[in-house]
Amino acid sequence: MKRLVGIAIMAFCAGTIFLFPSRTELASPNRTDTQACPSNDTGLKLPRGFCATIFADGIGHSRHMVVAPNGVVYVNTWSGRYYGNTTPHEGGFLVALQDTTGSGKANVIERFGETAQMGGAGGVGIGLYKNAIYAEINDRIAKYPLKSGSIAPGIGAGITIVSELPLTGDHPMHPFIIDSRGEMYIDVATATNACQGQNRTPQSPGEAPCTELKTRGGIWRYDANRTEQVFSAAERYATGIRNAEGLAFFDDHLFATQHGRDQLHANWPQFYKPDQEATLPAEELLLLRQGGDYGWPECYYDSFVQKLVLAPEYEGNGKKIGVCAEKTEPVAAFPAHWAPNGMVHYDKTQFPERYRNGVFIAFHGSWDRAPYRQGGYNVVFQPLSGTRAYGSCEVFADGFAGGNMSPQRAAHRPSGLAVGPDGALYVSDDVTGRIYRITYSGGPFDASSITPCPSLTASAGAVMAAPANPPEGTHPNAGREVANLPVPPGATHEMVALGRKVYFGQVGGAACTACHGDDAHGSTLGPNLTDKKWLWSNGSYAGIARTIRNGVQRPKKYRSPMPPMRDQLTPDQIKAVAAYVWSLSHRSQ
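Residues numbered from 1 in each chain as written. Predicted model: local features only at pLDDT ≥ 70, side-chain atom pairs only at ≥ 80, totals over all residues. Heavy atoms only, no water.

A. Structural context of helix α8 (residues 541–550). Along α8, the positions that sit buried rather than exposed are Tyr541, Gly543, Ile544, Ala545, Thr547 and Ile548. On its buried face, α8 sits against α6 (493–503) and α9 (571–586). Just beyond α8, the residue with positive phi is Gly551, at close to 75°. (Buried < 20%, exposed > 50% of the residue type's maximum accessible area, 1.4 Å probe, protein only. Helix = DSSP H or I, 4+ residues; strand = E, 2+ residues; numbered from the N terminus. Contact = heavy atoms within 4.5 Å.)

B. Examining the packing of α6 against α9 more closely. Two elements in contact, α6 and α9, have axes whose closest approach is 7 Å; the angle formed by their N-to-C orientations is 95°. One element, α6, and the other, α9, form an angle in the roughly perpendicular class. Judged by residue contacts, Met495, Val496, Leu498, Gly499, Arg500, Val502 and Tyr503 of α6 engage Gln573, Lys575, Ala576, Val577, Ala579, Tyr580 and Ser583 from α9. Split into classes, the residues belonging to the contact of α6 with α9 amount to nine nonpolar, three polar and two charged. (Axes fitted to C-alpha atoms, helices over the stretch in contact; angles between N-to-C directions. Parallel < 35°, antiparallel > 145°, perpendicular 65-115°, else oblique. Nonpolar A, V, L, I, M, F, W, Y, C, P; charged D, E, K, R; others polar.)

C. A look at the nonpolar core. Formed by 25 residues in total, the largest nonpolar core has its most connected members in Phe50, Phe351, Tyr355, Phe360, Val379, Phe396 and Ile438. The element that contributes the greatest number of residues to this core is strand β28 (residues 435–440), accounting for three residues. Not counting residues up to four positions away in its chain, the partners in contact with Ile438 are Leu46, Phe50, Cys51, Ala52, Phe351, Phe396, Ala397, Ala424, Leu425 and Val427. Formed by 23 residues, the second largest nonpolar core is a distinct cluster that contains Ala491, Ala520, Leu569 and Val577. (Core = buried A, V, L, I, M, F, W, Y, C linked by side-chain atoms within 4.5 Å.)

D. Representation of the sheet that holds strand β8 (residues 140–145) in the model. Pairing in this open sheet of five strands is mixed, and the strands run β6-β7-β8-β9-β13 from one edge to the other. The outermost strands of the open sheet, each flanked by one partner alone, are β6 (126–128) and β13 (229–230). Alignment of strand β9 (residues 159–163) against β13, held across two bridges, turns out to be parallel. Paired with Ser163 across the two strands is Val230, which belongs to β13. (Pairing = 2+ DSSP bridges.)

E. Representation of the layout of surface pockets. Its boundaries defined by the atoms lining it, the largest pocket holds a volume of some 810 Å³. Lining the largest pocket are 32 residues, and of these Met65, Val66, Ile177, Ile178 and Val344 sit closest to its centre. Of all the secondary structure elements, the ones that give two or more residues to the lining of the largest pocket are β2 (61–67), β6, β10 (176–178), β15 (247–250), β21 (340–345) and β26 (414–419). By residue class, the composition of the lining of the largest pocket is 21 nonpolar, seven polar and four charged. Each pocket or cavity is described by its volume, and for the second largest pocket that value is around 610 Å³. What lines the second largest pocket is a set of 25 residues, among which Tyr83, Gly84, Gly522, Ser523 and Thr524 lie closest to the centre. (1 Å grid on protein atoms, 1.4 Å probe; cavity = no way out; pocket = protein on both sides within 12 Å on 5 of 7 lines; lining within 4 Å. Points joined across faces, edges and corners; volume = space filled by probe spheres on them.)

F. Inspection of the side chain of His364 at higher detail. Relative to the helices and strands, His364 is located in the loop between β22 (358–363) and β23 (378–385). Taking the relative accessible area as the measure of exposure, His364 reaches 4% and is therefore buried. For His364, the side chain forms a polar contact with the side chain of Asp430, separated by 2.9 Å. If sequence neighbours within four positions are ignored, His364 has contacts with Arg63, Tyr82, Trp338, Ala339, Asn341, Tyr377, Arg413, Pro414, Ser415 and Asp430. (Polar contact = N/O pair within 3.5 Å; in protein donor to acceptor, adjacent residues only side chain to side chain.)

Structure, rendered in structure tokens:
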């Protein structure tokens, strides 16, 4: 890994041609973005010569995709608690999209598979094998044979290929990929963040051994040609993988992305500084091998030292290596918490040659970088050569979030990727259910328009709110953010002002914005704090403070627990942030 970083630095010092020497990629100084993409209606930022259009929109929380040889795009959509239990789209959760006019937009949209009325909640994984669609639905992978003259099999449960896949915990999704022989590789992600005795709780040690690894945290292999297979520990292919959302073949090698663990500083502040919550650990690209162990939960990848490092739950302190020296390191790493979801190898010729030797990765976007600037919400290209990364990555498509780079306010979040038979790259969004279609306009490629990925060792930057100041203020306008907020009985205006700083992570180092949003309107990780709908107290000042102090180990409507803040915040800081939350829910609308 150290050597790869060195190559990347040399390449950028010497010029991009060193990394990608094709003579067809010389700069074209006369080309403009308008000439390259006259019909771009997406707002995306792409390298010069590429064009993006909205292929479809509003189809549901669209996750992974696959494109058939006839150009029909198949999408799996998802509902349930991950999206706040919003009302599912009518019809089946699987969607077939077809463009019969050549406009670059789907004019035929058909739904199939299970519906909400049938007990379905959709899913993530989808694949195409032997003229049939394979898709995750609830705890199953089901098969839907395609019939001549129709692009959608119709409403129904499909033929069960694998059943009883785990659905509990933090990561209830099952992305998969099928090779040419029908071997199906399924990600069965972890139920917890780091296999702690109490999930996501400060100072809670990891289970040793981690019994969760018997049935979670790895890749399982099944046969797509067989039906009625039942999930079991026996079919494990690889282990020690927290969440491998993206799977792709490149040069007959199977690669997977890994979501790195969360909350190093939040749960272990004695070992990690507040800004390390945002910069550690790196996201990873893994080369999968049968029997491989990639380190979770004992290890995480530290891009600053370029090694797998022992996790604090297993007696690590941010420096120890221990058993991690025996685990398999990633072939490439990416900035912390960007959340790599979909991945695809570009195997067509429509894009310039540089994009045919590597993988595209859709980064869903971070939440655990708060109170620092969030990251990801983009599509990245990582060049590969055989089983190794070849240089550093580049940001290929950006602007999905629409200027609001946070889980709560992002306009769109990239999730799935697929390549069409004509060479178009499709990107799915799981916020509004938008499908993007990206094509290349032809002509010499302008390598000067690429955007390198940020340095893995870049600082977290500034806290994304006004700098922390004393509650009484230092200028005539001090406290204006809370000037119109009510004050709970037993508190003061100064406490509310201090509580706002605690909420944004400026004081205490435990930003509430990560789960509840910078506007406190909630997210998939935490409830709205402004609507007086209290799940764990009566909404009183004392009740809110008690919930903050003790945390919520088993949320009623959310997939991850709220850690107790009694060890992270002082008693005065807990009272202050409770006063601020009370004031948000009692302000005049």
